[in-house]
Amino acid sequence: MTEPTSPTRPLVGRGAELDDIDELLSSVATGGGATVLLEGEAGVGRTRLVEALQRAAELLGIEVCLGRAVGPTAAPYAMLTDALLGPARGRDDAGPVVAELTALLEVLPRERSDAPARFARADELFAALVRRRGEPGPWVLVLEDVHLADPCTLHLLAGLAGEGALPRALTVMTMRGVPHRADLDVVVAGWTRAGARYLELRPLSPAATAELAQHLLHAGSIGPALRGVLGTTGGNPRLVVDVLRTAEACGVLERSGGVVEAVGTGWLDELDEVGRAHVQHLGPQVLTMLGQASVLGGSFVVGDLAALAGEPVTECWRTLRHGLAAGVVHARGDRLVFRHDLVRTSLYAALDEGQRRALHARAAWALRAAGAPPHVVAAHLERAR
Ligand SMILES: Nc1ncnc2c1ncn2[C@@H]1O[C@H](COP(=O)(O)OP(=O)(O)OP(=O)(O)O)[C@@H](O)[C@H]1O
Ligand SMILES: [Mg+2]
């Protein structure tokens, strides 16, 4: 399998997004400013797309400043510092704004309330820095994973939105839908009002999923069993990569001619691990509810889950909206559908035997009361034994 960190790895299924990027870059190259909010579920490929953006910008000779968030408890302005004041940040390094800012950051306390005037000055200096950065030529500012940004960076970004797109800059903020943060909501709302483009990075299509697998395995095609397992990834590229790594590590891949197939069941427990790891960031309450939902199948009516869980429907929605925001389930009317069957089966497999039986018994009762057909109720009763 191709090493996922290799620079030669392919970017599959993102033709439309690459076209968008080219268009945005040419608009900033000709003097405009544009802002993009790039959102998508965990592992959907935001970072990979940003890498493609960096390469495209380099080809056009456009400077890219990239800052990554490491977590909300990082030092004040950590994300902007990473993007704008790192060792190779060129242009304005010797300027008085950078000098004052660098000195100021060294003496900032953790809390804004401990030195409000200093924080206000830091806000001013960062704002001046990003506004002036476009004077010598167009540039790209990428802020990766703003859902993990330090609060000072988010505060500043919210303030900047009031003046619209940064001059001569393509500003890209990437984010997951969870964890939910009120201070991020303010940033997103502000930039939305300022005309930012919202780009939801969707999972790969089945054809692109197969193409990615073929590339990674150097295969002409994929056998039906492996294709079936890849179908349970819902087109999430990280899940595709992890499934193939697991198959390889468990030794279940067999090649015949150009066809690669997965043989045997020796890797199913490991696959469950892949599914569980994918949703671990959601926390116990959401995972418990999704685990209960897994008993009802690939899609379920929220009212039935509420009856099964013994909770009011509104309470279930309150918990499930985190699963929705994370892209683990999606809504179809009053039904929710698991996006990746791999995740659903791993949550189901994580239930202990007694728990699983009790949940099937409750499911039978709830579905019968809701008027489900007898064979559906009977199937749950069968598993309750
Ligand atoms: N379009 C693609 N073509 C090929 N590989 C891809 C594609 N998108 C993502 N990948 C691969 O899938 C994995 C996850 O991608 P990436 O890290 O970009 O996701 P992400 O959305 O940034 O994840 P996170 O939510 O953890 O930040 C990586 O190994 C990456 O190389
Ligand atoms: Mg990423």
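Residues numbered from 1 in each chain as written. Chains lettered and ligands numbered in written order. Predicted model: local features only at pLDDT ≥ 70, side-chain atom pairs only at ≥ 80, totals over all residues. Heavy atoms only, no water.

Undergrad: Looking at this model, I keep getting lost on unusual backbone geometry. Mind explaining?
TA: Only a minority of non-glycine residues have a phi that is not negative, and only a minority of peptide bonds are not trans. Backbone torsion omega between Val178 and Pro179 reads 0°, so that peptide bond is classified as cis. You can see Pro179 is positioned in the loop between strand S4 (169-175) and helix H7 (182-193). The phi dihedral of Tyr77 falls on the positive side, at around 65°, and the residue is not glycine. Examined against the element boundaries, Tyr77 turns out to sit in the loop between strand S2 (63-68) and helix H3 (78-84). The buried category is assigned to Tyr77, whose relative accessible area is 0%. At His218, a residue that is not glycine, the phi angle is positive and equals roughly 50°. (Helix = DSSP H or I, 4+ residues; strand = E, 2+ residues; numbered from the N terminus. Buried < 20%, exposed > 50% of the residue type's maximum accessible area, 1.4 Å probe, protein only.)

Undergrad: Before we go on, may I ask you to explain the sheet that holds strand S9 (residues 299-301) in this structure?
TA: Within a beta sheet, neighbouring strands are joined by backbone hydrogen bonds and run either parallel or antiparallel to one another. Strand order in the open sheet formed by three strands is S9-S11-S10, and the pairing between neighbours is antiparallel. Each having just a single partner strand, S9 and strand S10 (329-332) make up the two edges of the open sheet. Adjacent strand axes in the sheet meet at a mean angle of 25° when their direction is disregarded. Where S9 meets strand S11 (residues 335-338), three bridges bridge the pair, whose relative direction is antiparallel. Counted as the bridge partner of Val301 is Arg335 from S11. Sheet contacts for helix H14 (residues 313-325): S9, S10 and S11; angle to S10, the most-contacted strand, approximately 115°. (Pairing = 2+ DSSP bridges. Axes fitted to C-alpha atoms, helices over the stretch in contact; angles between N-to-C directions. Contact = heavy atoms within 4.5 Å.)

Undergrad: Would you mind going over the environment of Cys250 with me for this structure?
TA: Among the secondary structure elements, Cys250 is positioned in the loop between helix H10 (237-249) and strand S7 (253-256). Separated by 18 residues in the primary sequence, Cys250 and Leu268 place their C-alpha atoms 9.6 Å from one another. Those residues in contact with Cys250 that sit more than four places away from it in its chain are Gly266, Trp267 and Glu270.

Undergrad: Looking at this structure, I do not really get the pattern of salt bridges. What am I missing?
TA: A side chain with one charge may pair with a side chain of the opposite charge, provided their charged atoms come close. Scanning the model with the defined rule gives 19 salt bridges in all. The partner of Glu51 in a salt bridge is Arg48, with the nearest N and O atoms 3.9 Å apart. Pair noted here: Glu51 and Arg48 are both in helix H2 (residues 46-59), with a separation of three residues, about one helical turn. Since its relative accessible area comes to 21%, Glu51 is described here as partly exposed. Salt-bridge contacts for Glu200 lead to Arg202; the nearest nitrogen and oxygen are separated by 3.4 Å. One salt-bridge network, in which partners are shared between bridges, spans Asp20, Glu23 and Arg197. (Salt bridge = Lys/Arg side-chain N within 4 Å of Asp/Glu carboxyl O.)

Undergrad: Help me out: how do you make sense of the site of ligand 1 in this one?
TA: Every one of the 17 residues lining ligand 1 counts as a neighbour, but Arg46, Thr47, Arg48, Arg176 and Arg238 are closest to it. A distance of 2.8 Å separates an oxygen atom of ligand 1 from a polar atom in the side chain of Arg46. Between Thr47 and ligand 1, the recorded distance is 2.8 Å, taken from a side-chain N or O atom to an oxygen atom. Contact with the protein chains covers 89% of the free accessible surface of ligand 1, which is 630 Å². Elements that contribute at least two residues to the shell around ligand 1 include exactly H2 and H10. For the shell around ligand 1, the element with the highest residue contribution is H2, accounting for three residues. When the residues that make up the shell around ligand 1 are grouped by side-chain class, the tally is seven nonpolar, three polar and seven charged. There are two domains that each give the shell around ligand 1 at least three residues, and those are domain 1 (15-200) and domain 2 (206-264). (Near = heavy atom within 4 Å. Polar contact = N/O pair within 3.5 Å; in protein donor to acceptor, adjacent residues only side chain to side chain. Areas by Shrake-Rupley, 256 points an atom, 1.4 Å probe, with all protein chains shown as cover. Nonpolar A, V, L, I, M, F, W, Y, C, P; charged D, E, K, R; others polar. Domains from an automatic or database assignment.)

Undergrad: Sorry, what's going on with the packing of helix H4 (residues 96-107) against helix H5 (residues 116-132) here?
TA: For any two helices packed against each other, the geometry comes down to the angle between their axes and how far apart the axes lie. The contact between H4 and H5 brings their axes to 10 Å, and the two run at 145°. Where H4 crosses over H5, the handedness of that crossing is left-handed. Of H5, the residues touching H4 (which contributes Val97, Val98, Glu100, Leu101, Leu104, Leu105 and Val107) are Arg118, Arg121, Ala122, Leu125, Phe126, Leu129 and Arg132. Residue composition of the contact of H4 with H5, grouped by class: ten nonpolar, no polar and four charged. (Left-handed = near helix turned anticlockwise from the far one by under 90°.)

Undergrad: Explain the sheet that holds strand S6 (residues 221-222) to me, please; I cannot follow it from the model alone.
TA: With respect to topology, three strands assemble into an open sheet ordered S6-S8-S7, the strand pairing being mixed. Each having just a single partner strand, S6 and S7 make up the two edges of the open sheet. In terms of strand pairing, S7 meets strand S8 (residues 259-262) through four bridges, oriented antiparallel. Bridging across to S8, Ser256 finds its partner in Val259. Packing of helix H9 (residues 224-231) onto the sheet brings it into contact with S6, S7 and S8, and relative to S8 it is tilted by some 65°.

Undergrad: Is there a simple way to think about the domain arrangement of the protein in this case?
TA: By convention, interface size is frequently given as the accessible area that disappears when the constituent parts associate. Its domain assignment divides the protein into domain 1 (15-200), domain 2 (206-264) and domain 3 (276-383). Centre-to-centre separation of domain 1 and domain 3, based on C-alpha positions: 39 Å. Counting the surface lost from both domain 1 and domain 3, the interface buries some 590 Å², and carbon and sulfur atoms represent 56% of this. Of all residues in domain 1, the largest losses of buried area upon contact with domain 3 belong to Glu41, Ala42 and Val178, amounting jointly to 71% of the total for that side. (Buried area = accessible area lost by both parts, 1.4 Å probe.)

Undergrad: Would you take a moment to explain the packing of aromatic side chains for this structure?
TA: The description of an aromatic ring pair uses the distance of the two centres, along with the angle that the planes make with each other. Summed over the entire model, instances satisfying the criterion amount to three aromatic pairs. Here the aromatic rings of Phe300 and Phe338 are separated by 5.9 Å at their centres, their planes lie at 50°, and the arrangement is tilted. Of the two residues, Phe300 is situated in strand S9 and Phe338 in strand S11; the sequence distance between them amounts to 38 residues. The exposure class of Phe300 is buried, given its relative accessible area of 3%. (Phe/Tyr/Trp six-rings, centres within 6.5 Å; stacked < 30°, edge-to-face > 60°.)

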